[in-house]
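For reference, the chains in residue letters:
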Amino acid sequence: MLFKTSDELNLYYELIGNPKSKNYILFLNGISQSTVAWNLILPAFTENYRIILCDFIFQGQSDKKGDVRSFDQHAADIYGLINFLKIDKITPIGISYGSLVAQHFALNYPEKVNKLVLLSTFAHKTPYYNAIEYSWERTLDAGGYALMLDVMLPMVLGKNYFEHPLVPIDTLRSMRQITNNDPDALKKLMKATKQRGDYREKLKKIKCPTLIVHGENDTLLLINMGREVAESISGSKFEIIKGVGHTLNLEAAPQITKLITEFI
């Protein structure tokens with residue numbers, strides 16, 4: 001289904017799960033993911049929850065035209081969608097890029113948030129992260145998403161995944177390339193992250209119950225980056241999953257399903 005944003009762009013969304021439930025979960029994708037990224041997680045929630053999946057503008061099946069969108073604008077798109085669906089409150093669950101949108105949504109629209117779940121998240125960038133970001137930009141310019149993905153995969157998947165892949169790497173590579181067939185759209189998403197400032201002080205204003213989950217072997221966002229988010233949000237709960245990397249909704253689906261179920 002498509003929702004028209006305030007600037008008349010089409011945002012793709014799905015509404016699944018128990019239509020009688022008044023408890024809503026919103027899943028928010030990583031930068032090069034789409035709604036299918038949550039397929040391993042969804043079965044645990046469809047019976048008792050109403051679930052919203054969506055692709056951000058420039059992502060998946062949403063429009064890829066228009067100017068660069070800030071995280072506040074992404075959050076405003078989500079706010080518009082929630083109001084369009086006549087939903088009172090939701091629990092946003094975001095991973096990586098999606099976790100940043102969830103942070104902005106929780107801060108800008110606290111009246112709409114029940115609980116908050118941040119997976120593989122961060123609030124500020126380090127010189128190490130900036131170097132990785134720069135390498136992704138250069139490879140995207142040099143060889144498109146196919147080359148960028150080859151550079152990305154060892155950073156966003158833990159070592160154990162390569163040794164015991166749930167989805168074969170070649171299959172994963174093919175699926176991601178189909179989803180990200182517009183390099184300019186991906187550049188716009190990347191630019192939003194590049195332009196985002198240090199958000200640690202602002203996170204202190206978030207008051208809703210918050211769960212933060214990080215992979216022990218995340219080499220893109222080191223554990224301390226997630227821990228600093230937890231330290232900024234008063235009363236939040238910080239969990240580390242051993243032996244996994246950055247892409248928790250693929251590498252650690254059973255573990256995060258259990259943590260989310262217990263939390264919400």
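Participant: Explain the overall build of the protein to me, and be specific about the residues and the numbers.
Facilitator: When helices and strands are tallied, the protein shows ten helices and eight strands. Here the protein has a C-alpha radius of gyration of 17 Å; the compact-globule value for 264 residues is 18 Å, and the two agree. Each principal axis of the C-alpha atoms in the protein carries an extent, and together these give about 45 × 40 × 35 Å. Each of the 264 residues in the protein was classed as buried or not, and the buried ones make up 55%. Summarising the internal contacts of the protein: among those between residues at least 6 apart in sequence, 74% fall at separations of at least 24. As displayed, the protein has an accessible area near 11,600 Å², and 53% of this comes from carbon and sulfur atoms. Distance between charge centres in the protein, computed from 30 positive and 28 negative side chains, equals 4 Å.

Participant: Lay out unusual backbone geometry in plain terms, naming residues and giving numbers.
Facilitator: Unusually for a residue other than glycine, F58 sits at a positive phi of about 85°. Tracing the chain through its elements places F58 in the loop between β4 (50-54) and α1 (71-84). One non-glycine residue with positive phi stands out, namely S96, at about 55°. By secondary structure assignment, the location of S96 is in the loop between β5 (91-95) and α2 (97-108).

Participant: How would you explain the side chain of H214 if you had to name every residue and give the values?
Facilitator: Among the secondary structure elements, H214 is positioned in strand β7 (residues 210-215). Looking at H214, the relative accessible area reads 0%, which means it is buried. Leaving out residues up to four positions away in the same chain, H214 has contacts with S120, T121, L221, L222, I223, G226, F238, E239, I240, I241 and L248.

Participant: So what's going on with the sheet that holds strand β6 (residues 116-119)? Residues and values would help.
Facilitator: One open sheet accounts for eight strands, arranged β1-β2-β4-β3-β5-β6-β7-β8; its pairing is mixed. Looking along the sheet, the strands with just one partner apiece sit at the ends: β1 (2-4) and β8 (237-241). Ignoring which end each strand starts from, the neighbouring axes of this sheet average 20° apart. Both β6 and β7 contribute to a ladder of four bridges, which runs parallel. Considered in β7, the bridge of L118 is made with I212.

Participant: Give me the lowdown on the pairing of β6, citing residues and values where you can.
Facilitator: Residues L116 and L118 line one face of β6 and the alternating positions V117 and L119 line the opposite face, and both faces are buried. Two strands pair when backbone bridges link them, and β5 and β6 are joined in this way by three bridges, in the parallel orientation. The partner of I93 across the bridge, within β6, is V117. With respect to chirality, the unit in which β5 leads through α2 into the neighbouring parallel β6 is right-handed.

Participant: So what about helix α6 (residues 183-195)? Which residues, and what values?
Facilitator: In a regular helix each residue adds 1.5 Å, so 13 residues correspond to 18 Å; α6 covers 18 Å between its end C-alpha atoms and thus fits that length. Those residues of α6 not exposed but buried are A185, L186, K188, L189, M190, A192 and T193. Where α6 is buried, its residues touch α1, α2 and α3 (127-156). Among the residues of α6, the N-terminal cap falls to D182, whose side-chain oxygen and the backbone nitrogen of D184 are separated by 3.1 Å.

Participant: Requested: an account of the packing of α3 against α6, with residues and values cited.
Facilitator: Helices that pack against each other are described as a pair by the angle of their axes relative to one another and the distance between those axes. It is at 11 Å that the axes of α3 and α6 come closest, and there the two elements cross at 175°. Here α3 lies roughly antiparallel to α6, going by the angle between them. Seen from α3, the contacting residues are Y129, E133, W136, E137, L140, D141, Y145 and M148; seen from α6, they are P183, L186, K187, M190, T193 and K194. Taken together, the residues of the contact of α3 with α6 break down into eight nonpolar, one polar and five charged.

Participant: Before we move on, could you go through the side chain of N249 and cite the residues and values that matter?
Facilitator: With respect to the helices and strands, the residue N249 is situated in helix α9 (residues 248-251). Separated by 3.2 Å, the side chains of N249 and Q33 make a polar contact. Setting aside residues no more than four positions away along its own chain, N249 makes contact with Q33, A37, W38, L40, I41, I95 and I256.

Participant: Account for the packing of aromatic side chains, with residues named and values stated.
Facilitator: Applying the stated criterion across every chain, the model contains nine aromatic pairs. These aromatic residues form a ring-pair network of at least three members: F27, W38, F45 and Y49. Its guanidinium or amino end placed over the ring of F263, K115 lies 5.1 Å from that ring's centre, counting from NZ or CZ. Between R196 and the ring centre of F71, over which it is positioned, the NZ or CZ distance is 5.6 Å.

Each value, and the rule that gives it
- Residues numbered from 1 in each chain as written.
- Predicted model: local features only at pLDDT ≥ 70, side-chain atom pairs only at ≥ 80, totals over all residues.
- Heavy atoms only, no water.
- Helix = DSSP H or I, 4+ residues; strand = E, 2+ residues; numbered from the N terminus.
- Rg over C-alpha atoms; globule rule 2.2 N^0.38 Å.
- Buried < 20%, exposed > 50% of the residue type's maximum accessible area, 1.4 Å probe, protein only.
- Contact = heavy atoms within 4.5 Å.
- Areas by Shrake-Rupley, 256 points an atom, 1.4 Å probe, with all protein chains shown as cover.
- Lys, Arg positive; Asp, Glu negative; His and termini not counted.
- Charge placed at Lys NZ, Arg CZ, Asp CG, Glu CD.
- Pairing = 2+ DSSP bridges.
- Axes fitted to C-alpha atoms, helices over the stretch in contact; angles between N-to-C directions.
- Right-handed = clockwise from strand over helix to strand, strands pointing away.
- Expected span 1.5 Å × (residues − 1).
- Polar contact = N/O pair within 3.5 Å; in protein donor to acceptor, adjacent residues only side chain to side chain.
- Parallel < 35°, antiparallel > 145°, perpendicular 65-115°, else oblique.
- Nonpolar A, V, L, I, M, F, W, Y, C, P; charged D, E, K, R; others polar.
- Phe/Tyr/Trp six-rings, centres within 6.5 Å; stacked < 30°, edge-to-face > 60°.
- Lys NZ or Arg CZ within 6 Å of the ring centre and 35° of its normal.

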